[in-house]
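# Structure assessment
One-letter residues, chain by chain:
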Amino acid sequence: MINDYLVKSCQTVKCISEQEHGNSEMVDNKLAKHFIDYDAYLKRAKKEFETTIKTELTVTASLDDFKLVKTLGTGSFGRVVLAKHKTKDMLFAIKLMDKDHVVRTKQVQHTIYEIRLMAAYKFPFLITLEYFFKDNVYLGIVMPFINGGEMFTHLRTLKKFDEQLAKFYAAQVILAFEYIHYLGVVYRDLKPENIMMDKEGYIKITDYGFCKKIDEQRTYTLCGTPEYLAPEIIMSQGYNKSVDWWSLGILIFEMNAGYPPFYGRDPMKIYEKIVSGKYHCPSTFSRPLKELIGNILQVDRSKRWGILKNGAKDVKSHEWFRGLDWDAVFQRKVKPSYKPRLKGDDDTSNFDVYDEEPLRKASTEMFPDEFAKITL
Ligand SMILES: Nc1ncnc2c1ncn2[C@@H]1O[C@H](COP(=O)(O)OP(=O)(O)OP(=O)(O)O)[C@@H](O)[C@H]1O
């Protein structure tokens with residue numbers, strides 16, 4: 001039966017009736033002030049974003065400007081490499097994307113959009129673009145080097161986070177999602193592997209490969225990681241930012257439990273569990289935590305917190321977050337209770353070790369430069 005869910009259908013999607021308000025509790029004055037200030041901030045940020053996203057992406061560096069040090073991670077289109085800028089004496093992480101692969105898999109436009117987004121996002125918990133280059137072998141996306149490694153690594157080492165720490169990370173994801181959604185974009189790939197930790201202990205969300213501008217429309221693409229997929233994606237229903245809120249519920253559960261709420265070896269079994277909406281919280285979870293997760297992990301989107309009439313405000317004013325100073329988190333004024341252990345700025349001990357491959361040399365005979373024809 002689950003296979004049927006995965007077959008893309010052309011069903012007409014019913015409009016979701018919004019519940020009036022998910023959170024009936026009183027919002028305190030500080031939180032009310034944060035809501036007003038943050039709304040004003042988002043409006044300003046959107047104006048800036050809309051100007052920058054239209055600006056043509058220009059080549060601002062070349063591979064020769066950097067000395068490559070070591071591979072930090074691998075992905076579907078290549079690898080991310082630690083690199084030292086030869087003249088500036090600064091470290092960066094360069095995502096070297098194999099153009100051949102991008103072109104062959106017809107991901108050119110998609111990739112261009114990913115890079116443009118990275119150039120346009122200006123947000124404390126989102127990774128941003130420092131430089132961009134291309135030759136006829138690679139696209140080079142140069143980012144700040146976030147040396148604390150992936151949240152995934154820390155979660156597996158610590159087994160689980162305590163509720164205070166999980167709350168601190170969840171708050172940053174929520175602020176970032178509010179920003180992304182306000183710009184009319186859905187993120188669609190939240191998971192501990194895509195959350196980097198900086199040396200101070202704050203997070204940076206990476207990998208905009210699945211980001212999509214949908215504004216108020218719906219999209220149907222099946223993408224994401226099995227454990228983090230929302231039921232509406234599995235059931236081939238049209239979806240929008242609802243899927244990001246679902247994945248936040250999964251992340252909050254996983255950070256506190258050390259494992260996700262719906263898991264199994266076989267993705268099909270995971271999907272069956274997700275669409276059933278049944279999961280079990282460990283007894284160590286506090287009552288407010290269980291309630292918040294229950295409010296977000298609602299298969300029925302007319303009940304899912306985050307997409308009700310008051311949007312993110314319902315989640316932010318939930319009892320689990322009581323006492324959290326959202327402005328102080330946003331301004332990075334809260335002292336994190338956990339910091340990645342680092343011996344220096346170039347310490348890569350928080351990253352796995354990868355086999356190094358020699359770089360392919362740029363040559364005019366390699367293959368036609370399809371990217372050259374397209375305005376970046
Ligand atoms: N700015 C950064 N600083 C340090 N490490 C990074 C940075 N960006 C990415 N990485 C590392 O490289 C890995 C792969 O990066 P990324 O997810 O962007 O690649 P990808 O090709 O899009 O992967 P995927 O196949 O998951 O889409 C990350 O999981 C992380 O470990």
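This structure is a prediction, so every number in the text was calculated from the model and none was measured.

Basis of the calculations
- Residues numbered from 1 in each chain as written.
- Predicted model: local features only at pLDDT ≥ 70, side-chain atom pairs only at ≥ 80, totals over all residues.
- Heavy atoms only, no water.
- Salt bridge = Lys/Arg side-chain N within 4 Å of Asp/Glu carboxyl O.
- Helix = DSSP H or I, 4+ residues; strand = E, 2+ residues; numbered from the N terminus.
- Buried < 20%, exposed > 50% of the residue type's maximum accessible area, 1.4 Å probe, protein only.
- UniProt positions renumbered as here; feature names shortened; annotations may be inferred.
- Contact = heavy atoms within 4.5 Å.
- Polar contact = N/O pair within 3.5 Å; in protein donor to acceptor, adjacent residues only side chain to side chain.
- Pairing = 2+ DSSP bridges.
- Axes fitted to C-alpha atoms, helices over the stretch in contact; angles between N-to-C directions.
- Phe/Tyr/Trp six-rings, centres within 6.5 Å; stacked < 30°, edge-to-face > 60°.
- Lys NZ or Arg CZ within 6 Å of the ring centre and 35° of its normal.

### Here we look at the pattern of salt bridges
Counted under the stated rule, the structure contains 17 salt bridges. Glutamate 254 serves as the salt-bridge partner of arginine 156, at 2.9 Å between the closest nitrogen and oxygen. With arginine 156 in helix 5 (residues 151-158) and glutamate 254 in helix 8 (residues 242-257), this pair connects stretches of sequence that are 98 residues apart. On the basis of relative accessibility, which here comes to 36%, the residue arginine 156 falls in the partly exposed class. Here the salt bridges share partners, and the residues they tie into one network are Lys95, Glu114 and Asp207.

### Some thoughts on the UniProt feature "binding site: ATP" (unreviewed entry) in the chain
Per the UniProt entry, the sites bearing "binding site: ATP" (unreviewed entry) are Lys95 in this numbering. Structurally, lysine 95 can be placed in strand 3 (residues 91-98). Residue lysine 95 is classed as buried on the basis of its relative accessible area of 18%. Apart from the residues lying within four places of it in its own chain, the contact partners of lysine 95 are Arg79, Val80, Glu114, Leu139, Gly140, Ile141, Met143 and Asp207. Side-chain polar atoms of lysine 95 contact the side chain of glutamate 114, separated by 3.1 Å.

### Observations concerning the pairing of strand 3
The element strand 3 is largely enclosed, with a buried count of six among its eight residues. Sheet topology note: the strand 2 (residues 78-85)/strand 3 ladder contains seven bridges and is antiparallel. Residue pairing for strand 3: alanine 83 is matched across the bridge by phenylalanine 92. Count of turn residues in the strand 2/strand 3 antiparallel hairpin: five residues, of which aspartate 89 carries a positive phi of about 55 degrees. Judged from the seven bridges that link them, strand 3 and strand 5 (residues 138-144) form a sheet pairing that is antiparallel.

### Side note on the sheet that holds strand 1 (residues 66-75)
Within the open sheet, the five strands sit side by side as 1-2-3-5-4. Their pairing is antiparallel. Each edge of the sheet is formed by a strand with only one pairing partner; in this case those strands are strand 1 and strand 4 (131-134). On average, each strand axis in the sheet is tilted by 25 degrees relative to the strand beside it, whichever way the strands run. The strands touched by helix 4 (residues 108-120) within the sheet are strand 3, strand 4 and strand 5, with strand 5 carrying the most contacts at an inclination of about 25 degrees.

### Points about the packing of aromatic side chains
Applying the stated rule across the entire model yields 29 aromatic pairs. Look at phenylalanine 66 and tyrosine 131: their rings are 6.2 Å apart centre to centre, the planes differ by 65 degrees, and that puts the pair in the edge-to-face class. Separated by 65 residues along the polypeptide, phenylalanine 66 in strand 1 and tyrosine 131 in strand 4 bring together distant segments of the chain. Like phenylalanine 66, the residue tyrosine 131 is buried in the burial classification. Between lysine 46 and the ring centre of tyrosine 182, over which it is positioned, the NZ or CZ distance is 5.5 Å. We note lysine 316 situated over the ring of tryptophan 326; from NZ or CZ to the ring centre the distance is 5.3 Å.

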